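Survey of secondary and tertiary structure
As a plain string of letters, each chain reads:
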Amino acid sequence: MRALLVLALAAPLVVLAAPPAHAAGCAVPKAVYTEPAPWPQKLVDPTRIWPLTRGAGQVVAIVGTGLDADNPQFGHGRVLGAIDVVGRAGGVADCDGRGTFAAGIVGAQPEDSTTFTGIAPEARLIGVRYTNGEGPGDPNQLATAITRAQQAGAGTILVAVPSTSDSPALRAAVQQVRAAGAVVVSPAAATQAGARSYPTADPGVLAVGAADSAGAAVQTESGDYVALAAPGADLVSTAAGAAGKDGHLWPVKDPTFAAAYVAGTVALLRAYRPAMTPDQITARLTLTASRPPGGGPDPKLGWGLLDAYTAVSSSLPASAPAPGGTPSAAAQPVVRPAAAPGPPARDRLLGGLALAGVVVAVLAGVVTAAVRRGRARGWRPGRLD
């Protein structure tokens, strides 16, 4: 996956800043992104949700390769203390770059210098490093990272770099943080046919597939555990190694980052509907997803593409179960988006008077016709035809 970021850097555009001398070979920005908003951002359309919530009060942990908080688009005070499970030299700065890229999708602040923004800009972020990005990632270290993220206050835990193997400790960590109310979001990012990512494939995890702008799956991994899909191609986000300046990477095609769009939406949901449990959040996201061809579920796209606005704003019973079994249009609950503001009182009054006038006119016509018919019959009773 790091190779994808390196390819993005190789495009013939200006690099804003060289990496620090101690970080030779680390990720650096491509430039500041000033092109039209990328299609994933248009799809999620966070500005449509922000009148309801911007994620205030939520803490999202980015578990993977760390987080470079020096990128100014994260804003002052939005990145909380970092956690390092690796325990090796180099601290928790994100040399690999994947953690910073995922964090930008979740919570980058709107800025005049760029058209890119995160989904939940008022959420706070915690960077958790359990891997340097080399090798498959140790599942036991990942378990420790997930546990420490929840202990640090994270209600949404994004596994930005999943492991290629499972362990009892990892499964236990997922169940422990879920019992404490946290939502674990993890991508289906295995690159070998038949392989699985972990904890993505474990019970209790919100597993995310990836799609391109045409709605086609872009990842290799598949399984009945995939809940829904989100953008995984032509991505833009914040870059590590910006040395205190704005900087981005694009275009990146990597199914791993689809989970960041879902994690940002989870943060919005938790802020707007704080009483929801992890199971209720999963149910709402899957019920409101845009169904794949045939109605779903699809082994790579799950129950369809993320619909963040409907997930946050729609009126659903709190106990609505996640879809399951054989899907059918008739079996799906009706989703009603939040009502738009009603007309002003004066308009409602005028509308009511107009309707009353129509009713009176109709009644007058009926009475006149009845009188004429009565006179014609000499007021004798008519017959039933």
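This structure is a prediction, so every number in the text was calculated from the model and none was measured. Think of each chain on its own: its residues are numbered from 1, step by step along the sequence as written. Totals for whole chains, interfaces and linings use every residue, but because this is a predicted model, local features are given only for residues with pLDDT of at least 70 and side-chain atom pairs only at 80 or more, for both listing and counting. Processing note: side-chain calculations cover all non-hydrogen atoms of the structure and skip hydrogens and water entirely.

We define a nonpolar core as any set of buried Ala, Val, Leu, Ile, Met, Phe, Trp, Tyr and Cys residues linked to one another through side-chain atoms lying within 4.5 Å. Remark: exposure states derive from per-residue accessible area (1.4 Å probe, protein chains only) relative to the maximum for the residue type, with buried under 20%, exposed over 50%, and partly exposed in between. Val-63, Val-128, Val-185, Leu-206, Val-262, Leu-285 and Leu-306 are the most contacted members of the largest nonpolar core, which totals 80 residues. Each helix is a run of DSSP H or I of at least 4 residues and each strand a run of E of at least 2, with the numbering of both proceeding from the N terminus. Sort the elements by how many residues they give to this core and helix H7 (residues 258–272) lands first, with 10 residues. If sequence neighbours within four positions are ignored, Leu-306 has contacts with Val-44, Leu-228, Ala-229, Ala-230, Tyr-261, Val-262, Thr-265 and Leu-285. Residues Ala-31, Tyr-33, Phe-116 and Val-236 belong to the second largest nonpolar core, which totals six residues. Should any heavy atoms of two residues lie within 4.5 Å, those residues are considered in contact.

This part is about the pattern of salt bridges. Salt bridge criterion: a side-chain nitrogen from Lys or Arg within 4 Å of a carboxyl oxygen from Asp or Glu. Per the counting criterion, the structure on display carries five salt bridges. A salt bridge links Asp-96 to Arg-98; its shortest N-O distance comes to 2.7 Å. Overall, the relative accessible area of 4% leaves Arg-98 in the buried class. Ionic pairing is found between Asp-279 and Arg-178, a salt bridge with its closest N-O pair at 2.7 Å. Separated by 101 residues along the polypeptide, Asp-279 in helix H8 (residues 278–288) and Arg-178 in helix H6 (residues 168–179) bring together distant segments of the chain. Residue Arg-178 is classed as buried on the basis of its relative accessible area, which comes to 19%.

Time to look at the sheet that holds strand S6 (residues 206–211). Spatial ordering of the open sheet is given by S2-S3-S1-S4-S5-S6-S7, a layout of seven strands whose pairing is parallel. Of all the strands in the sheet, just strand S2 (83–84) and strand S7 (226–231) have a single pairing partner and so form its edges. Strand pairing is assigned whenever DSSP detects at least two bridges linking the two strands.

Values of pLDDT, ranging from 0 to 100, describe the predictor's confidence in every residue of the model. Taken residue by residue, the protein chain gives an average pLDDT of 83. The fraction at 70 or more is 76%. Overall, residues 1–22 carries pLDDT values under 50, and its contacts beyond four positions in sequence, including any with other chains, amount to 45 contacts. Every residue in residues 379–385 is under pLDDT 50, and counting partners more than four places away or in other chains gives three contacts.

Ring pairs shown here join Phe, Tyr and Trp side chains whose ring centres sit within 6.5 Å, with only the six-membered ring taken for Trp; geometry is labelled stacked below 30 degrees between planes, edge-to-face above 60, and tilted in between. The tally for this structure, following the rule as stated, stands at two aromatic pairs. On the basis of an interplanar angle of 85 degrees and a centroid distance of 4.9 Å, the ring pair of Tyr-33 and Trp-250 is categorised as edge-to-face. Of the two residues, Tyr-33 is situated in the loop between helix H1 (2–9) and helix H2 (39–44) and Trp-250 in strand S9 (residues 248–252); the sequence distance between them amounts to 217 residues. Look at Trp-250 and you get buried, because its relative accessible area is 7%. Between Phe-101 and Phe-257, the ring centres sit 4.5 Å apart and the planes meet at 45 degrees, which makes this aromatic pair tilted. With Phe-101 in helix H4 (residues 98–107) and Phe-257 in the loop between S9 and H7, this residue pair connects regions lying 156 residues apart in the sequence. Given a relative accessible area of 1%, Phe-257 falls into the buried group. The rule for a charge over a ring is simple: NZ of Lys or CZ of Arg within 6 Å of the ring centre, and within 35 degrees of the ring normal. Lying over the aromatic face of Trp-250, Lys-30 brings its terminal NZ or CZ to 4.7 Å of the ring centre. Lying across the ring of Tyr-309, Arg-48 places its NZ or CZ 3.7 Å from the centre.

Quick look at the state of the cysteines now. In this description, the term disulfide denotes a pair of cysteine sulfurs within 2.5 Å. Across all of its chains, the model carries one disulfide by this definition. With a sulfur-sulfur separation of 2.0 Å, Cys-26 is cross-linked through a disulfide to Cys-95. Of note, the bridge from Cys-26 to Cys-95 carries an S-S torsion of about -100 degrees and is left-handed in sense. Within this pair, whereas Cys-26 is found in the loop between H1 and H2, its partner Cys-95 is found in the loop between S2 and H4, the two being separated by 69 residues in sequence. Using a relative accessible area of 14% as the deciding quantity, one classes Cys-26 as buried. Classification of Cys-95 by relative accessible area gives partly exposed; the value is 31%.

Most of strand S3 (residues 124–129) is tucked away: five of the six residues are buried. Note that strand S1 (residues 59–64) and S3 share six bridges and pair parallel. Residue pairing for S3: Gly-64 is matched across the bridge by Arg-129. Of the strand pairs in this sheet, S2 and S3 are connected by two bridges, and their pairing is parallel. Within S3, the residue paired with Ile-83 across the bridge is Val-128.

What follows covers H7. By definition here, a helix of n residues has an expected span of 1.5 Å times n minus one. The terminal C-alpha atoms of H7, which comprises 15 residues, lie 22 Å apart, in line with the 21 Å expected from a rise of 1.5 Å per residue. Of all 15 residues that make up H7, 13 are buried, and the element is covered over most of its length.

A word on H6. Given 3.6 residues per turn, any residue in an α-helix points the same way as the ones three and four places further on. The end-to-end C-alpha distance of H6 is 17 Å, a good match for the 16 Å that 12 residues give at a rise of 1.5 Å each. When H6 is considered as a whole, its buried residues turn out to be Leu-170, Ala-173, Val-174, Val-177 and Arg-178. The buried residues of H6 all sit within an arc of 130 degrees when viewed along its axis, so they share a single face. In H6, the exposed positions angled more than 90 degrees off the buried face are occupied by Pro-168 and Ala-179. Residues of H6 that are buried sit in contact with helix H5 (139–151), strand S4 (156–159), strand S5 (183–187) and H8. Positive backbone phi, at 100 degrees, marks Gly-181, one or two positions downstream of H6. The directions from the helix axis to the C-beta atoms form the arc being described.

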